[in-house]
Amino acid sequence: MAVDSVLSSPLGPPACEKDAKALQFIEEMTRNADAVQEKVLNEILTRNSQTEYLKRFKLDGATDRQTFKSKIPVVTYEDLQPEIQRIANGDRSPILSAHPISEFLTSSGTSAGERKLMPTIKEELNRRQLLYSLLMPVMNLYVPGLDKGKGLYFLFIKSETKTPGGLLARPVLTSYYKSEHFKSRPHDPYNVYTSPNEAILCADSFQSMYTQMLCGLYEREQVLRLGAVFASGLVRAIRFLQLHWPQLAHDIRTGTLSPQITDPSVCERMGKIMRPNPELADFVADECCKENWEGIITRIWPKTKYLDVIVTGAMAQYIPTLDYYSGGLPKACTMYAASECYFGLNLNPMCKPSEVSYTIMPNMGYFEFLPHDPTATYSPTNLVDLVDVEVGKEYELVITTYAGLNRYRVGDILRVTGFHNSAPQFHFVRRKNVLLSIDSDKTDEAELQKAVENASKLLREFNTSVVEYTSYADTKTIPGHYVIYWELLMKDLNNSPSDEVLNKCCLAMEESLNTVYRQGRVACNSIGPLEIRVVKNGTFEELMDYAISRGASINQYKVPRCVNFAPILELLDSRVMSRHFSPSLPQWTPERRR
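Keep in mind the model is a prediction, meaning the values are calculated, not measured.

**Some points on the nonpolar core**
Part 1 of the reasoning: Residues Leu241, Trp301, Phe343 and Phe367 are the most contacted members of the largest nonpolar core, which totals 165 residues.
Part 2 of the reasoning: A total of 11 residues in this core trace back to one element, the largest contributor, which is helix H11 (residues 231–254).
Part 3 of the reasoning: Once residues lying within four places of it in the same chain are set aside, the contact partners of Trp301 are Leu152, Met213, Gly216, Leu217, Arg220, Val223, Leu226, Ile238 and Leu241.
Part 4 of the reasoning: Leu436, Ile438, Tyr482 and Ala508 belong to the second-largest nonpolar core, a separate cluster that totals 28 residues.

**Observations regarding the sheet that holds strand E14 (residues 394–400)**
Part 1 of the reasoning: On the basis of which strands lie adjacent, the open sheet formed by eight strands has the order E9-E10-E11-E16-E15-E14-E12-E13 and antiparallel pairing. Every interior strand has two partners, whereas the edge strands, strand E9 (335–337) and strand E13 (384–385), have only one.
Part 2 of the reasoning: The pairing of strand E12 (residues 366–371) with E14 spans six bridges and is antiparallel. Residue pairing for E14: Glu368 is matched across the bridge by Val398.
Part 3 of the reasoning: Set on the sheet, helix H6 (residues 124–142) makes contact with E9 and strand E10 (342–345); between it and E10 the angle comes to about 15°.

**Comments concerning the sheet that holds strand E21 (residues 531–535)**
Part 1 of the reasoning: The mixed open sheet is built from four strands, whose spatial order is E19-E20-E21-E22. At either end of the open sheet lies a strand with only one pairing partner, and these are strand E19 (464–474) and strand E22 (576–581). Adjacent strand axes in the sheet meet at a mean angle of 25°, parallel and antiparallel pairs treated alike.
Part 2 of the reasoning: Sheet topology places E21 next to E22; five bridges connect them, and they run antiparallel. Paired with Arg533 across the two strands is Arg579, which belongs to E22.

**Digging into the packing of H11 against helix H19 (residues 539–549)**
Part 1 of the reasoning: Their axes nearest at 12 Å, the elements H11 and H19 cross at an angle of 110°. If you check the angle between H11 and H19, you find them roughly perpendicular. Here H11 contributes Arg236, Arg239 and Leu243 to the contact with H19, which in turn contributes Glu541, Met544 and Asp545.
Part 2 of the reasoning: Across the contact of H11 with H19, the residue classes break down as two nonpolar, no polar and four charged.

**Some remarks on unusual backbone geometry**
Part 1 of the reasoning: At Arg407, a position not held by glycine, the phi torsion is positive, near 50°.
Part 2 of the reasoning: Within the secondary structure, Arg407 sits in the loop between E14 and strand E15 (408–420).
Part 3 of the reasoning: You will see that Asn421, though not glycine, has its phi angle at about 55°, which is positive.
Part 4 of the reasoning: Secondary-structure assignment places Asn421 in the loop between E15 and strand E16 (423–431).
Part 5 of the reasoning: When its relative accessible area of 37% is taken as the criterion, Asn421 is described as partly exposed.

**Here's the deal with helix H18 (residues 515–522)**
Part 1 of the reasoning: Taken together, the buried positions of H18 are occupied by Thr515, Tyr517, Arg518, Gly520 and Arg521.
Part 2 of the reasoning: On the buried face of H18, the contacting elements are strand E20 (481–490) and helix H17 (499–512).
Part 3 of the reasoning: The opening residue of H18 is Asn514, an N-cap whose side-chain oxygen sits 2.8 Å from the backbone nitrogen of Tyr517.

**Quick notes on the confidence of the model for the protein chain**
Part 1 of the reasoning: In the predicted model, the protein chain carries a mean pLDDT of 90, and the fraction of residues at 70 or more is 94%.
Part 2 of the reasoning: Between residues 1–6, whose pLDDT stays under 50, and residues either more than four places distant or in other chains, the model counts seven contacts.
Part 3 of the reasoning: Taken together, the stretch residues 109–113 has pLDDT below 50 and engages in 12 contacts with residues farther than four places along the chain or on a different chain.

**Section: the environment of Lys158**
Part 1 of the reasoning: One can find Lys158 in the loop between strand E3 (150–154) and strand E4 (161–162).
Part 2 of the reasoning: Given the relative accessible area of 11%, Lys158 is considered buried.
Part 3 of the reasoning: Non-local contacts of Lys158, meaning those with residues more than four positions away in its chain, are made with Arg115, Pro171, Thr174, Gly551, Ala552 and Ser553.

**Structural notes on the pattern of salt bridges**
Part 1 of the reasoning: The full count for this structure, using the stated rule, is 40 salt bridges.
Part 2 of the reasoning: A salt bridge links Asp188 to Lys18, with the nearest nitrogen and oxygen atoms 3.6 Å apart. Of this pair, Asp188 sits in the loop between helix H8 (180–183) and helix H9 (197–200) while Lys18 sits in helix H1 (residues 17–31), and the two are 170 residues apart along the sequence.
Part 3 of the reasoning: In this structure Asp188 comes out as buried when scored by relative accessible area, which is 18%.
Part 4 of the reasoning: Across the salt bridge formed by Arg579 and Glu531, the nearest N and O atoms sit 2.7 Å from each other.

Reading the values: the criteria
Residues numbered from 1 in each chain as written. Predicted model: local features only at pLDDT ≥ 70, side-chain atom pairs only at ≥ 80, totals over all residues. Heavy atoms only, no water. Core = buried A, V, L, I, M, F, W, Y, C linked by side-chain atoms within 4.5 Å. Buried < 20%, exposed > 50% of the residue type's maximum accessible area, 1.4 Å probe, protein only. Helix = DSSP H or I, 4+ residues; strand = E, 2+ residues; numbered from the N terminus. Contact = heavy atoms within 4.5 Å. Pairing = 2+ DSSP bridges. Axes fitted to C-alpha atoms, helices over the stretch in contact; angles between N-to-C directions. Parallel < 35°, antiparallel > 145°, perpendicular 65-115°, else oblique. Nonpolar A, V, L, I, M, F, W, Y, C, P; charged D, E, K, R; others polar. Polar contact = N/O pair within 3.5 Å; in protein donor to acceptor, adjacent residues only side chain to side chain. pLDDT = per-residue confidence, 0-100. Salt bridge = Lys/Arg side-chain N within 4 Å of Asp/Glu carboxyl O.

This is the structure:
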């Protein structure tokens, strides 16, 4: 029941008094965004004034923006690595932060190379919890009745490592799930999970997934929403069900737990949940044994109202697969966060994925924005404050945090779509990186994704889609060429795309790439024909398993859109079923050069 109009919010009528306070907080923060930002910077600079880092640049206790911007440089992770390494090695002096560094949050490294270590302090958990507490009050504005059921969320931790100095290093979500904020969270009827804490906190990803899926099947009539952190996690969960439904159905039929589940706390908790249910076991077996898995989510969980997953940026690749499995259920992207800092939330979570915008909450850190123009010369004087960004323009996010990152370039490119009160709203465009380059060409993640989307249109008449992809710049050939690995979902094996069609897909990708690439292909002969290698189904799941075995977090894992790590290339190439090349040159003329 909605509360009194006295407690109403410009965002809409709140579902309860607790929601009313959360929505009121959002309004206050966004109405006074610039004043909040000034206060945040003052707090950060005051408390950290005696740190080695700020003293190095002779800030001399100043807390105003002008002095801060004139004296403190804009930096990347590489610039801070010496200080971070000292902290990791055990130096407890106030290097970056006046408050003790409580642990390191690891970035979502997936394949080769060291993952970044982001220093954090204990109070950041409160700040993250605050942002989490705003998500359901917003969602309740759009989806009524979420207190009448549960959420089936696939949430995972990974085991921590320790730095030489003894500090924990772990993904930000592992830090949160293992905190008392999560484990001892008060009951919220709008945010009840089917997964018990013991299953979420099990470090063995198979046992965790198995028992979370089992609980979700037992409570299938209660499930109102399905979720994972990223879209890839939910797709992985559905594929897990495809592989393991016979054993899951057996456990439900007999009320006994698979011998593969050995974690004592999980076994004890599941012992209180398990019960023989032959009728449910028959239902699961009948649905899962069918070849056609279209709409499997709503067939098994019929009351599901939406999917709670991130499908922006590189995750947009999964939208067709999730549409197939869910019958086109809405996909809610609720928040925007990173290991370095949590940034904001989506005030219109039921919008189309292509229209997702995040409202930056000005209390989370101090935010600056570097206008993103690849042709312009970078200058720290170009940085714009939060409230001064312009609609339609793209910026790189630069943050200053309570934990001691000062004017740190996150590497995310954002486009301003509008404002909520005085707080800007941003569409996540891409990570600032170049994925592929053979010669003078530079192809980034957004461009590669667009090329894959355009090429995959040729597969529609064959009821086939690209469920996963990655790429590789093969410079061993002369000239070098782009290699794109595709995993396909073919819904009609009697009408699969021919070699000729897949060759045309190569050309369609090339036609979608930038003019520098096409000039290299046509005029300079510096780039060879693009190649698509079709891999066996399940290849990218093996890729994820490999990454997790090397320390990647199952929650934060994202398929790398470009790979150059030899073991991963060997894995991919060992699964190739067919190879296809562009049959002709793409269009390019000097007149088209821009």
